[in-house]
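# Structural characterization, general
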Amino acid sequence: MALKILTIVGARPQFIKAAAVSRAIRETDGLSEVMVHTGQHFDPNMSDVFFEELDIPRPRHHLDIHGGGHGDMTGRMLMAIEPILLAEKPDWVVVYGDTNSTLAGSLAASKLHIPVAHVEAGLRSFNRRMPEEINRLVTDHLSALHLCPTATAVANLAAEGVTTGVHHVGDVMYDATLFVTGKAEKSSTILTNLGLAPKTFALATIHRAENTGDRQQLLAVVQFLQDRSRKFPVVLPLHPRTRQAASALGVDLGGLKVIDPVGYLDMAKLLHNAVEVYTDSGGVQKEAYFHRVPCITLRDETEWTETVTHGWNRLWKQSTHSVQRDIDEYGTGRAAYEVTRLLSSGGPQ
């Protein structure tokens, strides 16, 4: 009998990571996968296109849960996931990153005594005002298998007393980046469509609640981007949350090259060809490094501390980048196969 992996995803970065692991599962004897999509990212440009472009199996279960406060969303997800777990009877539940979908999946599984494997375990911003930090902490302390992208993540878990089932596997997003970059360079027409040449523009993304929930904060971020746009055009694929916030809070996005959200191939093309990246996304910070593009993180801290200490990333209130050095602990592009090897072994070890 094949081990059944039930994968829970809900947001763009999770689709990208799950694509790499799903490919490895399909190539590994003795494993099968059921995909559950919570619906946390509900815009077709933030969701459906990723399944098409990254060859991710269509979800067997789509919960269509989005909107509302953190407690409301997480609670509805928890209620919807539990009966699926009871019906599917998986051997493992795999969750990714730090979203409400991650927390709901790990809670539902652990209460039913189904072991949880957390991809991107051990990341910490050390800011508990961030809902993502709470999601990371709780998920890690519920998980049986901690699949860490970096040695720093392993050390973070050890500092919290978590040492069983901890493995430094590398970064599955690096696997995904290697897979998609050549494809994007050949097939994406986004630069032509936008009238842009390589290395003549910057790329920005804004979506976190800490930047979109307060007018003064959103205004400060937008003004920073507008200041940077005096040097070169700033392309801003506009997240639905940010669009709503800018409209509701009366924040003018003038001076920025605002476009609709884009698929992963187009995003990879933009990232690969940008001269700089400005983002509050943990995933995009890391992708910028994979494409060797300097990044400014629009937050006061980051869970990807290696990108800062190695000079590829800086927090927006820091003055300058330090000397850029390569980071070797994200792996060699085979992290997803290490994940499936550990899942196949059947226990935390």
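Now for a look at the structure at hand. In this text, all values refer to a predicted model and were calculated from it rather than measured experimentally.

### A short note on the overall build of the protein
Within the protein, the secondary structure is distributed over 15 helices and 13 strands. Against the compact-globule benchmark of 20 Å for 349 residues, the protein has a radius of gyration of 19 Å, which places it among compact chains. Once the C-alpha set of the protein is aligned to its principal axes, its extents read approximately 60 × 40 × 40 Å. When burial is assessed residue by residue, the protein has 60% of its 349 residues classed as buried. Considering only intrachain contacts with a sequence separation of at least 6, the fraction spanning at least 24 residues in the protein is 67%. In the form shown here, the protein has an accessible surface area of approximately 13,800 Å², with 53% of it arising from carbon and sulfur atoms. Positive and negative side-chain charges in the protein, numbering 34 and 39 respectively, have mean positions lying 3 Å apart.

### Remarks on the sheet that holds strand E6 (residues 145-148)
The parallel open sheet is built from 7 strands, whose spatial order is E3-E2-E1-E4-E5-E6-E7. Of all the strands in the sheet, just strand E3 (61-62) and strand E7 (166-168) have a single pairing partner and so form its edges. Alignment of strand E1 (residues 3-9) against strand E4 (residues 92-96), held across 4 bridges, turns out to be parallel. The residue bridging Ile8 from the neighbouring strand is Val95, located in E4. Its contacts with the sheet put helix H15 (residues 335-345) on E1, strand E2 (31-37), E4, strand E5 (116-119), E6 and E7, and the angle it makes with E6 is roughly 170°.

### Let's talk about the pairing of strand E11 (residues 276-279)
Alternating positions in E11 separate into two faces, Glu276 and Tyr278 on one and Val277 and Thr279 on the other, with burial throughout. Two elements, E11 and strand E12 (residues 295-297), share 3 bridges in a ladder whose sense is parallel. Bridging across to E12, Thr279 finds its partner in Thr297. Crossover connection from E11 via helix H13 (residues 282-290) to parallel E12: handedness right-handed.

### Details of the nonpolar core
Core analysis: the biggest nonpolar cluster contains 51 residues, and Leu54, Leu147, Val172 and Leu343 have the highest contact counts within it. Counting residues per element, this core draws most heavily on helix H1 (residues 12-26), which supplies 8 residues. What Leu343 contacts, discounting residues up to four positions off in sequence, is Leu3, Ile5, Trp92, Val94, Ala117 and Leu145. With 22 residues, the next largest nonpolar core counts Val221, Leu238, Ala245 and Ile296 among its residues.

Definitions and cut-offs
Residues numbered from 1 in each chain as written. Predicted model: local features only at pLDDT ≥ 70, side-chain atom pairs only at ≥ 80, totals over all residues. Heavy atoms only, no water. Helix = DSSP H or I, 4+ residues; strand = E, 2+ residues; numbered from the N terminus. Rg over C-alpha atoms; globule rule 2.2 N^0.38 Å. Buried < 20%, exposed > 50% of the residue type's maximum accessible area, 1.4 Å probe, protein only. Contact = heavy atoms within 4.5 Å. Areas by Shrake-Rupley, 256 points an atom, 1.4 Å probe, with all protein chains shown as cover. Lys, Arg positive; Asp, Glu negative; His and termini not counted. Charge placed at Lys NZ, Arg CZ, Asp CG, Glu CD. Pairing = 2+ DSSP bridges. Axes fitted to C-alpha atoms, helices over the stretch in contact; angles between N-to-C directions. Right-handed = clockwise from strand over helix to strand, strands pointing away. Core = buried A, V, L, I, M, F, W, Y, C linked by side-chain atoms within 4.5 Å.

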